[in-house]
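# Tertiary structure, described
One-letter residues, chain by chain:
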Amino acid sequence: MSRPQQITVLGSTGSIGLSTLDVIARHPERYQAYALSGFTRLSELLALCVRHTPRFAVVPEAGAARSLQDDLRAAGLSTRVLVGEEGLCQVAADPEVDAVMAAIVGAAGLRPTLAAVEAGKKILLANKEALVMSGALFMQAVRKSGSVLLPIDSEHNAIFQCMPVDFARGLSSVGVRRILLTASGGPFRQTPMAELAHVSPEQACAHPNWSMGRKISVDSASMMNKGLELIEACWLFDAKPSQVEVVIHPQSVIHSLVDYIDGSVLAQLGNPDMRTPIANALAWPERIDSGVPPLDLFAIARLDFQAPDEERFPCLRLARLAAEAGNSAPAMLNAANEVAVAAFLDGRVRYPEIASIIEETLNLEPVVAVDDLEAVFTADAKARLLAEQWLSRHGR
Ligand code: NDP
Ligand code: MG
């Protein structure tokens, strides 16, 4: 029997990381966790190492590494602990590794994800921010290394499943007219506009259908998540921003649709559980059990659709503008959003100010070409600085 596929899970302590390990553990004959990374939840990382016995674990700094190494030894494990971005890049590119789950949140995931791409690994891409920041360079690197890029974001995984069969093997999206990107509308879809200034981080993180990390939960509430996904879809499926239409679908049963020129519209449906796209990407082009219960259409009974209201969701408008501007604009949008969301989660800014911070940041800095990774990180750093300046100007 062939050896199980060796999987590196970057961001193993997060929501996607844990769902990935749940699917892996259901199929020990097919998959083995090779390396796991954590950032702040290090006792959880220890427990995951005990459960999944990876060859490597990665933590952010040397002190934490020593302490985890001691604990692992005491537990009788030979897992080796590596440190920092260098450690993440090493386990992403390790010759023993077959596939890398890129599930670190935010810009911090870009370098390790690119290291996996450059090493030609099969990439299970959850870290949408990496693609938003550096789309052109990222896709160039994918083509150059021959890496297979499989989307984990539920909408993009749905679109991928509705694309022509050989799409992932490099064929173009021939015959596709539009991509219909569904969105639940989040917890504030119907909240009176006047109340939005007073909503708390806990309310923003209480997503009606999905259980996710805190940053993406706030992004879902503001619909910046859908904006980032619009940009992500353009890169993954070689589409123009004008070909991607956002559709509010509060039940989160249809995960997205593809509209073909002959009038056929293909959709992928399922319960809102990330183990479905994770299992789909892990096993692609085969299918495996994900642990997700079958969809009960009679219990769902109806599916609703609405156009998004850009006054309620200004972040969606800002993301579309950044998608159209291209170049450095998406990296700046993403960086300003990361600063604004962190400040909102810290209780330093009100929810509607997230959009104000991003809009002012984008207005202050001209869009420039980004020809290399350094230019991407320069745009990212500029936007972070401008967003921080907004915070100090407003006494936060
Ligand atoms: P979580 O916040 O739950 O997990 C994030 C992971 O990244 C954790 O393992 C965390 O470590 C690690 N991490 C955080 N900051 C850093 C850093 N600076 N350096 C290295 N590691 C870091 O997020 P999610 O799992 O929800 O999301 C992960 C990614 O997947 C995001 O890009 C998100 O947009 C995307 N995604 C998530 C979906 C979901 O359903 N959750 C759906 C679609 C996409 P620790 O916990 O130890 O601090
Ligand atoms: Mg999504």
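Residues numbered from 1 in each chain as written. Chains lettered and ligands numbered in written order. Predicted model: local features only at pLDDT ≥ 70, side-chain atom pairs only at ≥ 80, totals over all residues. Heavy atoms only, no water.

Here the domain parsing of the protein yields domain 1 (5-151), domain 2 (153-314) and domain 3 (326-396). Distance from the C-alpha centre of domain 2 to the C-alpha centre of domain 3: 25 Å. Each side of the interface is counted separately: domain 2 has 19 residues, and domain 3 has 14 residues. Roughly 1,300 Å² is buried in total at the junction of domain 2 and domain 3, and carbon and sulfur atoms are behind 76% of that figure. On the domain 2 side of the contact with domain 3, K215, V218 and M224 bury the most area, a combined 32% of that side's loss. (Domains from an automatic or database assignment. Contact = heavy atoms within 4.5 Å. Buried area = accessible area lost by both parts, 1.4 Å probe.)

Here we take up the coordination of the magnesium ion (ligand 2). Around the magnesium ion (ligand 2), the donor atoms from the protein are D153 (OD), E155 (OE) and E229 (OE), and they sit 2.1 Å away. All donors of the magnesium ion (ligand 2) belong to a single chain; written as a sequence motif, their spacing is D-x1-E-x73-E. Pair noted here: D153 is in the loop between β7 (149-151) and α7 (154-162) and E229 is in helix α10 (residues 224-237), with a separation of 76 residues, a long-range link. You'll find D153 and E229 in the same group, each marked buried. (Donors = N, O, S within 2.8 Å, 3.2 Å for Na, K, Ca; no water. Helix = DSSP H or I, 4+ residues; strand = E, 2+ residues; numbered from the N terminus. Buried < 20%, exposed > 50% of the residue type's maximum accessible area, 1.4 Å probe, protein only.)

If you walk through the whole model with that rule in mind, you get 0 disulfides. Take C49: it sits in no disulfide, and the sulfur closest to it among the cysteines is that of C89, at 19 Å. Not part of a disulfide, C205 finds its nearest cysteine sulfur in C315, a span of 15 Å. (Disulfide = S-S within 2.5 Å.)

Moving on, we get to the side chain of K226. Position of K226 relative to the elements: it lies in helix α10. Take K226: its relative accessible area is 5%, and that puts it in the buried class. Once residues within four sequence positions are removed from consideration, K226 is found in contact with E155, L181, T182, A183, V246 and L316.

Time to look at the pairing of strand β8 (residues 176-183). The buried fraction of β8 is high, at 6 of 8 residues. Pairing geometry for β8 and strand β10 (residues 254-260), over 4 bridges, is antiparallel. The residue of β10 that forms the bridge with I179 is V258. Pairing between β8 and strand β9 (residues 244-248): 5 bridges, direction parallel. The residue bridging L181 from the neighbouring strand is V246, located in β9. (Pairing = 2+ DSSP bridges.)

Further remarks concern the site of ligand 1. Near ligand 1 you find 23 residues, and of these T13, F39, T40, R41 and E129 are the closest. With respect to ligand 1, the side chain of E129 contributes an N or O atom lying 2.6 Å from an oxygen atom. Surface burial for ligand 1 is 90%, taken as the share of its 890 Å² of free accessible area covered by protein chains. Elements that contribute at least two residues to the shell around ligand 1 include exactly α1 (15-25) and α6 (128-145). Grouping the constituent residues of the shell around ligand 1 by class yields 10 nonpolar, 9 polar and 4 charged. (Near = heavy atom within 4 Å. Polar contact = N/O pair within 3.5 Å; in protein donor to acceptor, adjacent residues only side chain to side chain. Areas by Shrake-Rupley, 256 points an atom, 1.4 Å probe, with all protein chains shown as cover. Nonpolar A, V, L, I, M, F, W, Y, C, P; charged D, E, K, R; others polar.)

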